[in-house]
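Given next are the chains, with one letter for each unit.
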Amino acid sequence: MDRNSAPLAAEGVPFVIISGVISILLFLPGWLIPGIISSLLFLFIVWFFRNPQRSIPTGKNLVVSPADGKIIVIKKGEVDRVLKKKMVKISIFMNVFNVHVNRIPCKGKIVDILYNPGKFVSANLDKASLENEQNAVVMETEKGEKVLFIQIAGLIARRIVCRLKTGQRVERGERFGLIRFGSRVDVYLPETADIKVSIGQKVKGGESILAALK
């Protein structure tokens, strides 16, 4: 089975196996309460690393959400530190109960990937975009426009996974990585983008439309 279509994210398999074995070992000597607690943790880990199928929109020039979560920031005219020009910034906050598999926002080509270690302040705070550990991906759309999306670690998150490579061509909604245990993804779009979401709105990765590029 293709790792991208498996019901469980590949990065979560070791955690599921370890927590499952620990639960069994606790039940064997009759340690009921620890066994139940461990089993609940096992179920949470399985739920956290779930990898559901999504219906990817097929319209032209659409940008879909790279993550499940809630829109917490929409800023026009934001000067991005990577591309160094004014863009529209959209931030999606993922709590520990959201699907954490990340997806490509639009069709194009990966032109740069920049990883920066950093702090682990709560991902719903605005300063997380500047201070936290993060992985920035620059891509070029079919029309030659630059789009940037940044995986940002949070207060609990300690591992950013990105399977992309420079020069790789990608499709809208394609799975490319994840962030473990609570995090955030920032998306930077051209200023001319027609924004389709509002602050506080809940979105689904690969399925919810964030904007349309002009």
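In short, a report on the structure. (Residues numbered from 1 in each chain as written. Predicted model: local features only at pLDDT ≥ 70, side-chain atom pairs only at ≥ 80, totals over all residues. Heavy atoms only, no water.)

1. Describing the overall build of the chain
Item 1. Along its length, the chain carries 3 helices and 14 strands.
Item 2. Partitioning the intrachain contacts of the chain with sequence separation of at least 6 by distance along the chain shows that 71% fall at a separation of at least 24. (Helix = DSSP H or I, 4+ residues; strand = E, 2+ residues; numbered from the N terminus. Contact = heavy atoms within 4.5 Å.)

2. A short note on the packing of helix α1 (residues 13–27) against helix α2 (residues 32–48)
Item 1. One way to put it is that α1 packs onto α2 with a least axis distance of 8 Å and a crossing angle of 165°. With respect to α2, the axis of α1 lies roughly antiparallel. Crossing angle aside, the handedness with which α1 passes α2 is left-handed. In this structure, α1 contributes Phe15, Val16, Ser19, Gly20, Ile22, Ser23, Leu26 and Phe27 to the contact, and α2 contributes Leu32, Pro34, Gly35, Ile36, Ser38, Ser39, Phe42, Ile45 and Val46.
Item 2. Residues that form the contact of α1 with α2 fall into these classes: 11 nonpolar, 6 polar and no charged. (Axes fitted to C-alpha atoms, helices over the stretch in contact; angles between N-to-C directions. Parallel < 35°, antiparallel > 145°, perpendicular 65-115°, else oblique. Left-handed = near helix turned anticlockwise from the far one by under 90°. Nonpolar A, V, L, I, M, F, W, Y, C, P; charged D, E, K, R; others polar.)

3. Structural notes on the pattern of salt bridges
Item 1. If you walk through the whole model with that rule in mind, you get 7 salt bridges.
Item 2. A salt bridge links glutamate 11 to arginine 163; the nearest nitrogen and oxygen atoms lie 2.6 Å apart. Note that glutamate 11 is positioned in the segment before α1 and arginine 163 in the loop between β8 (160–162) and β9 (169–170), a separation of 152 residues in sequence.
Item 3. One salt bridge connects glutamate 140 with lysine 146, and the closest N-O pair in it is separated by 3.4 Å.
Item 4. Glutamate 140 sits in the partly exposed class, given a relative accessible area of 29%.
Item 5. Under the relative-accessibility criterion, lysine 146 is labelled partly exposed at 26%.
Item 6. What you see here is one network of salt bridges that share partners, running through Lys89, Arg184 and Asp186. (Salt bridge = Lys/Arg side-chain N within 4 Å of Asp/Glu carboxyl O. Buried < 20%, exposed > 50% of the residue type's maximum accessible area, 1.4 Å probe, protein only.)

4. Thoughts on a nonpolar patch on the surface
Item 1. Taken together, the side chains of Phe27, Leu32, Ile33, Ile36, Ile37, Leu40 and Leu43 define a hydrophobic patch exposed on the protein surface, amounting to about 700 Å² of accessible area.
Item 2. Take the nonpolar patch: its biggest share by element is 6 residues, from α2.
Item 3. A relative accessible area of 52% places leucine 43 in the exposed class. (Patch = residues over 30% accessible without salt bridge, like charges linked within 9 Å, V, L, I, M, F, W, Y side chains within 5 Å. Areas by Shrake-Rupley, 256 points an atom, 1.4 Å probe, with all protein chains shown as cover.)

5. Comments concerning the sheet that holds strand β2 (residues 69–79)
Strands in a sheet are paired, the pairing made by backbone hydrogen bonds, and the direction either parallel or antiparallel.
Item 1. Sheet architecture is open: 8 strands sit in the order β9-β5-β6-β7-β11-β3-β2-β13, paired in antiparallel fashion. Each edge of the open sheet carries a strand with a single partner, namely β9 and β13 (202–203).
Item 2. Of the strand pairs in this sheet, strand β3 (residues 86–94) and strand β11 (residues 183–189) are connected by 7 bridges, and their pairing is antiparallel. Residue isoleucine 90 lies in a different strand from β11, and its bridge partner there is valine 187. (Pairing = 2+ DSSP bridges.)

6. Side note on the layout of surface pockets
Item 1. As a volume, the second largest pocket reaches approximately 200 Å³.
Item 2. Its residues placed into classes, the lining of the second largest pocket shows 3 nonpolar, 2 polar and 5 charged. (1 Å grid on protein atoms, 1.4 Å probe; cavity = no way out; pocket = protein on both sides within 12 Å on 5 of 7 lines; lining within 4 Å. Points joined across faces, edges and corners; volume = space filled by probe spheres on them.)

7. Let's talk about α1
Item 1. Helix length check: α1, at 15 residues, gives a terminal C-alpha distance of 21 Å against a target of 21 Å (1.5 Å per residue), a fit within 8%.
Item 2. Residues Val16, Ser19, Gly20, Ser23 and Leu26 constitute the buried set of α1. The arc enclosing the buried residues of α1, seen along the axis, measures out at 125°, which places them on a common side. Opposite the packed face of α1, turned more than 90 degrees from it, sit the exposed residues Ile17, Ile18, Ile24 and Leu25.
Item 3. Looking at the buried residues of α1, the elements they touch are α2. (Expected span 1.5 Å × (residues − 1). Arc of directions from axis to C-beta.)

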